[in-house]
Amino acid sequence: NTHLEHLEDEIINNGTKGAKTAIEFLKSIKQMLQGGEGGSQISVKWDGAPAIFCGTNPENGKFFVATKSLFNVTPKINYTNADIKRNHSGALADKLIAALKYFPKLGIKGILQGDLLFTSSDKSTAKVDGKDSIVFTPNTITYAVPKAGGFLGSSLYKRINSAKIGIIFHTSYSGKTIKGLSATFGASTSSLSKNKAVFFDDATYKQTNPGFTRTEEIAFDNILRMAEGSAHKAGAFIDKIKKDKGPLSLGIQLKTFFNTYIRQGTPITNTKALVNNFEVYFRDKIQKEIDSKKTQAAKQKYEEIREKGMKILRADREGLYFAIATYITFQSAKAVLMRKLNNIQSIGSFLRTKNGFKVTNPEGYVAIKKSGAVKLVDRLEFSRANFNMAKNWVKG
């Protein structure tokens with residue numbers, strides 16, 4: 001579990017199969033919100049960093065902590081502070097040392113993955129939304145817990161104030177070897193030992209809203225029917241572009257094209273204009289590659305890539321049109337669900353701005369079914385901020 005795809009990207013990644021998967025997820029999330037059996041499980045995506053893996057190595061019975069480099073060809077596994085100092089550096093090493101000190105006290109069975117929220121030095125106090133609060137910013141979102149008042153109350157404040165480290169666990173692993181580990185989304189923390197030094201929780205969505213009204217349900221079902229219709233018309237095109245996985249392929253460039261809008265904070269709307277804009281974007285991108293090459297042979301390679309892509313686009317502009325229309329409709333359906341999901345009570349989340357703290361929703365959610373998992377993120381709000389904000393921790 002090192003990477004999850006956005007729900008709407010499924011049509012680019014997996015063609016008609018991906019479109020079907022996305023629609024099934026949308027239906028099952030609605031089903032879950034309505035209290036029906038067989039719906040998706042939902043986990044809240046906490047904007048913690050870095051991702052930490054911890055537990056007992058099945059190969060030797062020793063407790064360890066690690067980052068995603070646990071899955072390197074040569075894994076970086078830390079049993080001691082000396083291991084951490086050898087494998088990592090800077091702020092990341094400091095966080096792992098704290099994790100190694102406190103996480104063994106939790107009595108973890110097997111291996112858990114979580115998103116780190118804070119260590120002692122990350123916490124500070126500030127007035128947020130008019131309330132004196134503890135704040136910490138593990139990645140892009142600032143989390144704030146007021147001293148008193150409301151659902152969040154003083155009990156949560158006391159827990160976080162006394163904790164030396166905080167983490168949200170979301171995935172468990174099992175297996176006889178590190179390389180053979182298999183992931184299960186939705187880690188439970190009910191069996192973990194409570195310890196004042198560690199603030200922890202699982203990421204399971206706790207539903208507090210009543211689901212859809214009949215009017216909302218009809219409107220949502222109409223969006224799904226639109227998505228199914230446009231996905232059907234886009235079928236041949238999206239199946240064609242999924243076959244080419246090269247970095248300059250149409251599919252990869254379509255995802256990159258959408259990300260340019262997200263980085264700028266520009267809504268992805270007006271399908272007809274986007275079709276024209278993408279053709280220009282694709283041609284210009286490949287032309288830059290051609291211009292950067294010094295030999296004719298290298299130039300010819302990229303000219304062939306451009307011609308291959310443009311041949312597909314010229315032959316099926318309608319397919320591109322409906323692929324983009326499906327992408328937009330998936331985003332619309334996702335937005336409806338996220339507005340429902342955001343009606344939860346949790347630690348307050350904010351974005352730091354020049355003018356203070358701005359209220360924001362949680363980073364997003366992970367929808368989980370037996371067939372896999374996808375993430376639901378407000379990309380115009382969160383992904384844009386995440387693209388453009390410098391991180392205060394070191395990857396590794």
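1. Some remarks on the overall build of the protein chain
Check the secondary structure of the protein chain and you find ten helices and 14 strands. Over its C-alpha atoms the protein chain spans a radius of gyration of 23 Å, differing by no more than 12% from the 21 Å that the globule rule assigns to 396 residues. With the C-alpha coordinates of the protein chain rotated into their principal frame, the extents come out at 65 × 60 × 45 Å. A sequence separation of at least 24 residues applies to 68% of the contacts in the protein chain between residues at least 6 apart. Carbon and sulfur atoms make up 51% of the accessible area of the protein chain, which totals about 19200 Å². Measuring between centres, the 61 positive side-chain charges of the protein chain sit 5 Å from its 34 negative side-chain charges.

2. Let's talk about the packing of aromatic side chains
Using the criterion set out here, one finds 17 aromatic pairs in the structure. A ring pair is formed by Phe 53 and Tyr 173, whose centres lie 5.7 Å apart and whose planes are at 55°; its orientation type is tilted. Of this pair, Phe 53 sits in strand 2 (residues 51-56) while Tyr 173 sits in strand 8 (residues 165-174), and the two are 120 residues apart along the sequence. Through pairs of rings, three or more aromatic residues link up here, namely Phe 257, Phe 258, Tyr 261, Phe 278, Tyr 281, Phe 282 and Tyr 327. The aromatic ring of Tyr 79 is capped on one face by Lys 62, whose charged end is 5.4 Å from the ring centroid. The aromatic ring of Phe 25 is capped on one face by Lys 369, whose charged end is 5.5 Å from the ring centroid.

3. Observations regarding helix 6 (residues 250-264)
Look at helix 6: 21 Å from first C-alpha to last across 15 residues, which is about the 21 Å you get at 1.5 Å a residue. Once helix 6 ends, the next one or two residues include Gly 265, with phi positive near 75°.

4. Things to note about the confidence of the model for the protein chain
When pLDDT drops low, the exact placement of atoms in the prediction is not to be read closely. In the predicted model, the protein chain carries a mean pLDDT of 90, and 92% of its residues have values of at least 70. Here residues 390-396 scores under 50 on pLDDT; set against residues more than four positions off or in separate chains, the count is 17 contacts.

5. Description of the sheet that holds strand 11 (residues 348-353)
With antiparallel pairing, five strands are arranged side by side in an open sheet as 5-6-7-11-12. Since the sheet does not close on itself, it has two edges, and those belong to strand 5 (124-128) and strand 12 (356-359), each with one partner. Shown here is a sheet whose adjacent strand axes are inclined to one another by a mean of 45°, direction ignored. The pairing of strand 5 with strand 6 (residues 131-136) spans five bridges and is antiparallel. Residue pairing in the sheet places Ser 124 in a bridge with Val 135 of strand 6.

6. Re the pattern of salt bridges
Between side chains of opposite charge, a pair can form when the charged atoms approach closely. Summed over all chains, the structure comprises 17 salt bridges. Put simply, Lys 255 and Glu 5 hold a salt bridge, and the shortest N to O gap is 3.3 Å. Of this pair, Lys 255 sits in helix 6 while Glu 5 sits in the segment before helix 1 (10-33), and the two are 250 residues apart along the sequence. Residue Lys 255 is classed as buried on the basis of its relative accessible area, which comes to 17%. A salt bridge links Asp 9 to Arg 379; the shortest N-O distance between them is 3.6 Å. Taken as a pair, Asp 9 in the segment before helix 1 and Arg 379 in helix 10 (residues 379-388) lie far apart in primary sequence, 370 residues in all. As far as the burial class goes, Asp 9 and Arg 379 line up, both buried. Residues participating in the shared-partner salt-bridge network are Glu 8, Asp 9, Lys 334 and Arg 379.

7. A word on unusual backbone geometry
Of note, the amide linkage connecting Ala 49 to Pro 50 takes the cis form, showing an omega dihedral of -5°. With respect to the helices and strands, Pro 50 occurs in the loop between strand 1 (41-45) and strand 2. In the Ramachandran plot, Asp 129 falls in the positive-phi region, its phi being about 55° despite a non-glycine side chain. For Asp 129, the position within the fold is in the loop between strand 5 and strand 6.

8. Examining the sheet that holds strand 1
With antiparallel pairing, the three strands of this open sheet are ordered in space as 1-13-14. Both edges of this open sheet fall to strand 1 and strand 14 (372-377), since each of them pairs with a single strand only. When strand polarity is set aside, the average angle formed by the axes of neighbouring strands in this sheet is 25°. Examined bridge by bridge, strand 13 (residues 364-369) and strand 14 share six bridges and lie antiparallel to one another.

9. Some remarks on the environment of Lys 30
With respect to the helices and strands, the residue Lys 30 is situated in helix 1. In this structure, Lys 30 is in contact with Phe 212, Glu 217, Phe 220, Asp 221 and Leu 337, ignoring residues within four places of it in sequence.

10. Some details on the packing of helix 1 against helix 5 (residues 214-242)
How two helices pack is summed up by the angle between their axes together with the distance between the axes. Closest axis-to-axis distance for the helix 1/helix 5 pair is 8 Å, and the angle between their directions is 165°. In terms of orientation, helix 1 and helix 5 fall into the roughly antiparallel class. Once helix 1 is placed against helix 5, the crossing between them reads as left-handed. Together, Ile 11, Ile 12, Asn 13, Asn 14, Gly 15, Thr 16, Ala 19, Ile 23, Leu 26, Lys 27 and Lys 30 of helix 1 and Glu 217, Phe 220, Asp 221, Leu 224, Ala 227, Glu 228, Ala 231, Gly 235, Ile 238, Asp 239 and Lys 242 of helix 5 make up the contact between the two elements.

11. A short note on the nonpolar core
A general feature of soluble globular proteins is that nonpolar side chains tend to end up buried together. Ile 160, Phe 278 and Phe 330 are the most contacted members of the largest nonpolar core, which has 76 residues in total. With twelve residues, helix 9 (residues 317-341) is the single largest residue contributor to this core. Apart from the residues within four sequence positions on either side, Phe 330 is in contact with Leu 7, Glu 8, Ile 11, Ala 19, Ala 22, Ile 23, Leu 26 and Ala 227. Core analysis: the second largest hydrophobic core is formed by 24 residues, Cys 54, Ile 84, Ala 98 and Ala 99 among them.

Thresholds applied
Residues numbered from 1 in each chain as written. Predicted model: local features only at pLDDT ≥ 70, side-chain atom pairs only at ≥ 80, totals over all residues. Heavy atoms only, no water. Helix = DSSP H or I, 4+ residues; strand = E, 2+ residues; numbered from the N terminus. Rg over C-alpha atoms; globule rule 2.2 N^0.38 Å. Contact = heavy atoms within 4.5 Å. Areas by Shrake-Rupley, 256 points an atom, 1.4 Å probe, with all protein chains shown as cover. Lys, Arg positive; Asp, Glu negative; His and termini not counted. Charge placed at Lys NZ, Arg CZ, Asp CG, Glu CD. Phe/Tyr/Trp six-rings, centres within 6.5 Å; stacked < 30°, edge-to-face > 60°. Lys NZ or Arg CZ within 6 Å of the ring centre and 35° of its normal. Expected span 1.5 Å × (residues − 1). pLDDT = per-residue confidence, 0-100. Pairing = 2+ DSSP bridges. Axes fitted to C-alpha atoms, helices over the stretch in contact; angles between N-to-C directions. Salt bridge = Lys/Arg side-chain N within 4 Å of Asp/Glu carboxyl O. Buried < 20%, exposed > 50% of the residue type's maximum accessible area, 1.4 Å probe, protein only. Parallel < 35°, antiparallel > 145°, perpendicular 65-115°, else oblique. Left-handed = near helix turned anticlockwise from the far one by under 90°. Core = buried A, V, L, I, M, F, W, Y, C linked by side-chain atoms within 4.5 Å.

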